[in-house]
Amino acid sequence: MSRPEPDADPYRIRSFVPDFDAITAEIAARSKALAARSLIWSGSSYGECARERMDILLPPNLRQGAPIHMFVHGGYWRSGDKADYTCIAAPVLAVGGIAAIVEYDLMPGTRLGTLVGQVRRAAAWLAARAPGLGADPARLTVSGHSAGAHLASYLAATGRSDASLPATPVAGLLLLSGIYDLSGIPESFLKEEARMTEAEAANWSPLTARQQIGPKRIIALGAEETEPFHAQAGRLHRLCRGLGVKTELMVRPGLNHMNVVLDLADPDQPLGQKLANLVQSARLQVALPFPGATRAGVV
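Residues numbered from 1 in each chain as written. Predicted model: local features only at pLDDT ≥ 70, side-chain atom pairs only at ≥ 80, totals over all residues. Heavy atoms only, no water.

Participant: Help me out: how do you make sense of the sheet that holds strand β10 (residues 247–252) in this one?
Facilitator: Note: strands within a sheet are paired through backbone hydrogen bonds, in either parallel or antiparallel orientation. With respect to topology, eight strands assemble into an open sheet ordered β1-β2-β4-β3-β5-β7-β9-β10, the strand pairing being mixed. For this open sheet the edge positions go to β1 (39–45) and β10, each flanked by a neighbour on one side alone. Within the sheet, the average angular offset between the axes of one strand and its neighbour, ignoring direction, is 20°. With six bridges joining them, strand β3 (residues 66–72) and strand β5 (residues 135–145) adopt parallel strand pairing. Its bridge partner lying in β5, H69 is registered against T141. Each of β1, β2 (53–58), β3, β4 (98–102) and β5 touches helix α3 (residues 112–133); the most contacted strand, β5, lies at about 145° to it. (Pairing = 2+ DSSP bridges. Helix = DSSP H or I, 4+ residues; strand = E, 2+ residues; numbered from the N terminus. Axes fitted to C-alpha atoms, helices over the stretch in contact; angles between N-to-C directions. Contact = heavy atoms within 4.5 Å.)

Have a look at this one:
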């Protein structure tokens, strides 16, 4: 592996993953192959905007009361296409679950708070329609990668500028390679690509958000990721654990910010197995809606 320049931006993943394009292509190819052999409803609309869409994949032997799982793709809030991440459905389908791959609007054309709202609206739409799909809304779990993990985290947290708690309860979250302190983003290489403001970074950093105590969090990343991803994952894990949240920190040896997605998409790999176990076992233990037990904290 080639060494990045000493002053390389730790958020610029290309500087640290020489085979970035090859991995991206493999993720997309696996996604295309899975879509071709699956029962899939493409482009289901959860809102009025063009990108407020999700693809829903059904397992071959769907049983009433099945678990249902939603995945939020990454792309640093300014890129990404749901069709390129269909492969994440593989571990979900393997345990008889329904998988939904979500798309949302992109920065800089849309502000960060709107993206958070879209992911919340997608979860609410999915939960409301779960019975009609043959799924149990009390078995709704969510995962996300990179910026998608950041957005997914707000299904169980409230930001500084939020008026209220998210209304849709989820049974568990798997947050992969997420960004949980946004303070370094406005002046990073994303300065012109995302145009995140200092106020957005302050308002929507999970480490300063109020966290719901209920849903389990699995906070995962690759061992070869850059320092901010390790530091922030550790801080979120400690914050949640200190609040009494059932949480687990998982670091995958030898994996980086990109090939960790392939691990998540493979039912035979540790992250894929972790996702399958979460989908299969997680269930809300309280009546809907979820009670608003929260607490803010910084570690």
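Next comes the rest of the write-up.
Participant: Which parts of the structure should I look at to understand the side chain of H69?
Facilitator: Residue placement: H69 occurs in strand β3. Using a relative accessible area of 1% as the deciding quantity, one classes H69 as buried. In terms of polar contacts, H69 uses its side chain to reach the side chain of T141, at 2.8 Å. Polar contacts involving the side chain of H69 include one to the side chain of S143, which spans 2.7 Å. (Buried < 20%, exposed > 50% of the residue type's maximum accessible area, 1.4 Å probe, protein only. Polar contact = N/O pair within 3.5 Å; in protein donor to acceptor, adjacent residues only side chain to side chain.)

Participant: It is not clear to me how the nonpolar core should be interpreted in this structure. Could you clarify?
Facilitator: One broad rule of soluble globular proteins: the nonpolar side chains tend to lie buried together. If you look at the biggest cluster of nonpolar residues, it comprises 97 residues, and the most contacted ones within it are M70, W77 and L126. Counting residues per element, this core draws most heavily on α3, at 11 residues. Ignoring sequence-local partners within four residues, the contact set of M70 consists of A100, V102, V119, A122, A123, L126, T141, V142, S143 and L155. (Core = buried A, V, L, I, M, F, W, Y, C linked by side-chain atoms within 4.5 Å.)

Participant: What exactly am I supposed to notice about the packing of aromatic side chains here?
Facilitator: Centre distance and the angle of the planes are the two values used to describe a pair of aromatic rings. Enumeration according to the criterion identifies five aromatic pairs in this entry. Judged by centre distance (6.1 Å) and plane angle (40°), the ring pair of Y76 and W77 falls under tilted. The burial state of Y76 is the same as that of W77; both residues are buried. Ring centres 5.1 Å apart and planes at 80° place the aromatic pair Y154 and W204 in the edge-to-face group. (Phe/Tyr/Trp six-rings, centres within 6.5 Å; stacked < 30°, edge-to-face > 60°.)

Participant: Looking at this model, I keep getting lost on α3. Mind explaining?
Facilitator: Three- or four-residue spacings in an α-helix give side chains the same orientation, since the helix completes a turn every 3.6 residues. Under the 1.5 Å per step criterion, the end-to-end length of α3 is 30 Å for 22 residues, consistent within 8% with the ideal 32 Å. At A127, α3 shows its largest kink, close to 30°, and the proline P131 lies no more than four residues downstream. Positive phi shows up at G134, right after α3, with a value of about 95°. (Expected span 1.5 Å × (residues − 1). Bend = angle between axes of the 7 residues up to and from the residue.)

Participant: For this particular structure, what's the right way to read the UniProt feature "domain: BD-FAE-like" (unreviewed entry) in the protein?
Facilitator: Within this structure's numbering, the places UniProt gives as "domain: BD-FAE-like" (unreviewed entry) are residues 54–160. Between the C-alpha atoms that bound residues 54–160 there is a distance of 28 Å. The span itself is 33% helix and 28% strand. (UniProt positions renumbered as here; feature names shortened; annotations may be inferred.)

Participant: Honestly, helix α1 (residues 20–36) in this entry has me stumped. Any pointers?
Facilitator: With 17 residues, α1 should reach 24 Å at 1.5 Å per residue; the first-to-last C-alpha distance of 25 Å fits that figure. Every buried residue of α1 is listed here: F20, I23, I27, S31 and L34. Projected onto a plane normal to the axis of α1, the buried residues spread over an arc of 75° and lie on a single side. Opposite its buried face, α1 presents the exposed residues K32 and A36, each directed more than 90 degrees away. The inward-facing, buried residues of α1 contact β2, α2 (89–94) and α7 (259–264). (Arc of directions from axis to C-beta.)

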